Amino acid sequence: MPMDPPPDLAALSLADIARLARDKKLPPVASWNPSHCGDSEMRIARDGTWFHQGSPIGRQAMVRLFSTILRREPDGSYVLVTPGEKLDIAVEDAPFIAVELKVEGTGAAMNLALRLNTGDIVSVDADHGLRFTDGATGPRPYVHVRAGLEALVVRSVYYELVALALAGDHDPVGLWSNGTFFALEPAL
């Protein structure tokens, strides 16, 4: 079954984005509990590139398809799961990368949405929160995508978020999105 191309974030309103996120039908991977079958020989690199047997997966439609059956296990590991099998997949950092930002409103009325490298769109809110950690190369921003799966926010988008936060007068420095405040400092 062919997958629809990812939507153009710039052409969508945040209401459109919220509707798309709400209407998106993902496989019910949380309810599938097949026996563990082994290793998928797949890896998701820090930069979001998906690999199979050491070679990058060049077809974006395949990456999008695999991303829909990705699940995080209670022990923190990642698997690709179908009703009939469960295979390990190595994830170097986060399984997704947030590559584009859409902003509507200001201050406490601001709403943010992020487009992922898979074409999916996440509306930042209480269920899809931003978090910040300290890394060896500086702050590492993440957004919760679904069921324990996160996206690393690329540096250019992080700088956009910081500029928005600094334009406000919040203490601590942070951002509002969909009625929830997210401090830009790492959680202790």
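Above this text you will find the structure in question.
Every value quoted in this text rests on a predicted model; they were computed, and no experiment measured them. (Residues numbered from 1 in each chain as written. Predicted model: local features only at pLDDT ≥ 70, side-chain atom pairs only at ≥ 80, totals over all residues. Heavy atoms only, no water.)

A. Geometry of the pattern of salt bridges. In this structure the tally under the stated criterion is six salt bridges. Across the salt bridge formed by Asp 93 and Arg 140, the nearest N and O atoms sit 2.0 Å from each other. Of this pair, Asp 93 sits in the loop between β6 (86–91) and β7 (96–104) while Arg 140 sits in strand β11 (residues 138–146), and the two are 47 residues apart along the sequence. Its salt-bridge partner being Arg 115, residue Glu 100 comes within 2.7 Å of it at the nearest N-O pair. Within this pair, whereas Glu 100 is found in strand β7, its partner Arg 115 is found in strand β8 (residues 111–116), the two being separated by 15 residues in sequence. Look at Glu 100 and you get partly exposed, because its relative accessible area is 23%. Put simply, Arg 71, Glu 73 and Lys 86 are held in one network by salt bridges that share partners. (Salt bridge = Lys/Arg side-chain N within 4 Å of Asp/Glu carboxyl O. Helix = DSSP H or I, 4+ residues; strand = E, 2+ residues; numbered from the N terminus. Buried < 20%, exposed > 50% of the residue type's maximum accessible area, 1.4 Å probe, protein only.)

B. Seen up close, the sheet that holds β6. Spatially, six strands are ordered β3-β2-β1-β6-β5-β4 in an open sheet, and the strand pairing comes out mixed. Where the open sheet ends on each side, the last strands, each with one partner, are β3 (55–56) and β4 (70–72). Sheet analysis places strand β1 (residues 36–44) next to β6, joined by five bridges and oriented parallel. In the strand pairing of β6, Gly 38 is matched with Leu 87. Contacts between helix α2 (residues 60–67) and the sheet are confined to β1, β2 (50–52), β4 and β5 (78–81), with β2 contributing the most and set at about 95 degrees to the helix. (Pairing = 2+ DSSP bridges. Contact = heavy atoms within 4.5 Å. Axes fitted to C-alpha atoms, helices over the stretch in contact; angles between N-to-C directions.)

These figures capture arrangement, not role.
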